[in-house]
Amino acid sequence: MEEYSYEQAFCRNRGFININEQAKLKGSRVAVAGLGGTGGAQVAALSRLGIGCFHLADLDEYEIKNFNRQYGATMSTVGEKKTEVAKRIVLDINPEAKIDLFESGINENNIADFLTDVDIVIDSLDFYCFKERFLLYSAARERGLWVLTAPPIGFGFTLLCFDPKGMTFEDYFNFDINDDEFELSVSLI
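Rules behind the numbers
- Residues numbered from 1 in each chain as written.
- Predicted model: local features only at pLDDT ≥ 70, side-chain atom pairs only at ≥ 80, totals over all residues.
- Heavy atoms only, no water.
- Patch = residues over 30% accessible without salt bridge, like charges linked within 9 Å, V, L, I, M, F, W, Y side chains within 5 Å.
- Areas by Shrake-Rupley, 256 points an atom, 1.4 Å probe, with all protein chains shown as cover.
- Salt bridge = Lys/Arg side-chain N within 4 Å of Asp/Glu carboxyl O.
- Helix = DSSP H or I, 4+ residues; strand = E, 2+ residues; numbered from the N terminus.
- Buried < 20%, exposed > 50% of the residue type's maximum accessible area, 1.4 Å probe, protein only.
- Pairing = 2+ DSSP bridges.
- Right-handed = clockwise from strand over helix to strand, strands pointing away.
- Phe/Tyr/Trp six-rings, centres within 6.5 Å; stacked < 30°, edge-to-face > 60°.
- Lys NZ or Arg CZ within 6 Å of the ring centre and 35° of its normal.
- Axes fitted to C-alpha atoms, helices over the stretch in contact; angles between N-to-C directions.
- Contact = heavy atoms within 4.5 Å.

*Asks:* Got a minute to help me understand a nonpolar patch on the surface in this structure?
*Replies:* The grouping of I64, F67, M75 and V78 at the surface amounts to a nonpolar patch, some 380 Å² of accessible area in total. Along the chain, F67 falls in the loop between strand 2 (53–57) and helix 4 (82–93). With relative accessibility at 32%, the residue F67 sits in the partly exposed group.

*Asks:* I'm lost on the pairing of strand 1 (residues 29–33) in this one. Help?
*Replies:* Two faces belong to every sheet, and in a regular strand the side chains alternate between them. Counting buried positions along strand 1 yields five of five residues, so the element is predominantly enclosed. Neither face of strand 1 is left uncovered, since the one carrying R29, A31 and A33 and the one carrying V30 and V32 both have all their residues buried. When strand 1 meets strand 2, the two strands line up parallel, connected through five bridges. Bridging across to strand 2, A33 finds its partner in A57. Crossover handedness for the path strand 1 to helix 3 (residues 39–49) to strand 2: right-handed. Pairing of strand 1 with strand 4 (residues 120–123) involves four bridges; the strand directions are parallel. Bridging across to strand 4, V30 finds its partner in I120.

*Asks:* Would you explain the packing of aromatic side chains in this entry?
*Replies:* How two aromatic rings sit relative to each other is given by the distance of their centres and the angle of their planes. Counting across every chain of the model gives 16 aromatic pairs. Every member of this aromatic cluster is reached through a ring pair, and the members are F127, Y128, F130, F134, Y137, F162, F169, Y172, F173 and F175. Its end group placed over the ring of Y6, K26 keeps NZ or CZ at 4.6 Å from the ring centre.

*Asks:* Teacher, can you tell me more about the sheet that holds strand 5 (residues 147–149) here?
*Replies:* Within a sheet, adjacent strands bond to each other through the backbone by hydrogen bonds, running parallel or antiparallel. Pairing within the open sheet is mixed, and its six strands lie in the order 3-2-1-4-5-8. The strands lining the two open edges of the sheet, one partner per strand, are strand 3 (98–102) and strand 8 (160–162). The average undirected angle you get between the axes of adjacent strands in this sheet is 20°. Each of strand 2 and strand 3 touches helix 4; the most contacted strand, strand 3, lies at about 170° to it.

*Asks:* What should I look at first to understand the environment of R141 in this one?
*Replies:* Secondary-structure assignment places R141 in helix 6 (residues 130–142). Residue R141 is classed as partly exposed on the basis of its relative accessible area of 31%. On a C-alpha basis, the gap between R141 and S124 in space is 17 Å, while along the polypeptide they are 17 residues apart. Non-local contacts of R141, meaning those with residues more than four positions away in its chain, are made with D163, P164, K165, G166, M167 and T168.

And the structure:
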């Protein structure tokens, strides 16, 4: 069996990024909230890019109904926590990666820890997680962190990048955080 080498594992990233940028990615910490349809695939892709540290949050377990759209959903993972499966995927790609798991998702009790020492935040929360999303964007903004989200739309997606000094998530979508889940949902239609 071949011995693991970070440099060898990610040497074919050259051409897209240079050696100094690869070293920066190795030292970067990415927080990913939500490990389902988009989050699981994003974690795998970020691992292949060579990201060295992750904070991974999800409170769910895999089910058969996840097979059509979720990266880590397989017969061997049914009933397993999405955080544990994502950790295994990352470590299978980069055994040197440092990973902190947030198995209760994100909430008011752990958002500070989730965002500690993070370089960038990925929002892959389920569509209806408005309370958690408002918490995530607000806490990230307070810490000067960018939040990226790529929600699926039909068979495509859009990439939204929220600058901590720019327009807020709530302003962009014209959300009133005091609205109930139904009002928030239909305001996007």
